[in-house]
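One-letter residues, chain by chain:
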Amino acid sequence: MRNPIGMIRRSQQLRSQLKAPRERLPGGSRRWIRTSMDWLVTEFGRDVLLRPIAVPADLIPDGYDGSLAAATELCGRVDNRMDLRPGQCGLSFELNGVRRSVNSMVVKEQSGRWIRGNGGNQIQLAPALTADPVALIAIYAHEAGHELLLGSGRISLARRPDHEPLTDLITVFYGLGIFTANAAYERRPRPNGRGKQPLARGYLREGALAEALAHYAKLRGERHPEWDRYLDPPVRRGLHNQLAILHR
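All figures in this text were calculated on a predicted structure; none of them were measured in a lab. (Residues numbered from 1 in each chain as written. Predicted model: local features only at pLDDT ≥ 70, side-chain atom pairs only at ≥ 80, totals over all residues. Heavy atoms only, no water.)

**Student:** Looking at this model, I keep getting lost on unusual backbone geometry. Mind explaining?
**Tutor:** With the exception of glycine, most residues fall at negative phi, and the peptide bonds are largely trans. Within the chain, Asp 83 stands out as a residue other than glycine whose phi angle is a positive 65°. As for its placement among the helices and strands, Asp 83 is situated in the loop between helix 5 (68–81) and strand 1 (90–92). Positive phi values are uncommon outside glycine, yet Arg 205 reaches one of about 65°. For Arg 205, the location among the structural elements is in helix 9 (residues 205–219). Judged by relative accessible area, Arg 205 falls into the buried class, the value being 9%. (Helix = DSSP H or I, 4+ residues; strand = E, 2+ residues; numbered from the N terminus. Buried < 20%, exposed > 50% of the residue type's maximum accessible area, 1.4 Å probe, protein only.)

Here it is, written out as structure tokens:
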């Protein structure tokens, strides 16, 4: 007979792991977030940091129907938000075979990919993202971040081995952190219909994203940001805790 207490503890440990940064951040998360955000301000300007943060109603139109045309238009709105030229990257929803069960408790998936090309860089997305506009914005913004960082030559893989977490952080810097945080963790139905499996996206995950959003708010002079109501409860609680620490 299975030990129910052991199963609960295992599930809690797994959830904690999935909410932690996917990769170790040099110097610890708080120091890494502070120094990396300062670097982004130097590279892209403080005016970007001070733009109004994007909330769902700003980007997701009423009546969004999940069609390919609607999803493509939504990605165009993210381009505009992140200062990419229209069509700067080719876009396709043909990233197939990206979801897999790692074990009976967790699912991992690759939903987006940025590809450097001779005739122009490309962003490929999983077609399933069209049905989830919040996740679509989060994943596309991450790939657009690769264009801003790697495509522009601002960083290289050799100079910034932490480029993937940095690419998550740039979505926060550009005011899209609500989407990145809310899409970072969810529970999906199992293929056999019995219960749900955790799905973790991205590299910073919920805990580090709460820290990043708190530092973002502090840099903007927001002690009690009004946009916190758009965050999922776990991230909102983490944001409040981190703000309290930063303002001690």
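That was the structure; now back to the text.
**Student:** Any chance you could explain the pattern of salt bridges here in plain terms?
**Tutor:** Applying the stated criterion across every chain yields a total of six salt bridges. For Glu 43, the salt bridge is made with Arg 154, and the minimal N-O distance between the two is 3.3 Å. Here Arg 154 lies in the loop between helix 6 (133–151) and helix 7 (163–173) and Glu 43 lies in helix 2 (residues 29–44), a separation of 111 residues in the sequence. Two residues, Glu 73 and Arg 77, come together in a salt bridge whose shortest N-O distance is 3.4 Å. Taken together, the residues span about one helical turn, with Glu 73 and Arg 77 both in helix 5 at a distance of four residues. (Salt bridge = Lys/Arg side-chain N within 4 Å of Asp/Glu carboxyl O.)

**Student:** Any chance you could explain the packing of helix 6 against helix 7 here in plain terms?
**Tutor:** Pairs of packed helices are described in terms of their axes, by the angle between the two and the distance that separates them. The geometry of helix 6 relative to helix 7 is characterised by a closest axis approach of 8 Å and an angle of 110° between their N-to-C directions. One finds that helix 6 runs roughly perpendicular with respect to helix 7. When the axes of helix 6 and helix 7 are compared, the crossing they make is right-handed. Contacts between helix 6 and helix 7 involve Ala 141, His 142, Gly 145, His 146, Leu 148, Leu 149 and Leu 150 from the first element and His 163, Glu 164, Leu 166, Thr 167, Asp 168, Ile 170 and Thr 171 from the second. In terms of residue class, the contact of helix 6 with helix 7 is built from six nonpolar, six polar and two charged. (Axes fitted to C-alpha atoms, helices over the stretch in contact; angles between N-to-C directions. Parallel < 35°, antiparallel > 145°, perpendicular 65-115°, else oblique. Left-handed = near helix turned anticlockwise from the far one by under 90°. Contact = heavy atoms within 4.5 Å. Nonpolar A, V, L, I, M, F, W, Y, C, P; charged D, E, K, R; others polar.)

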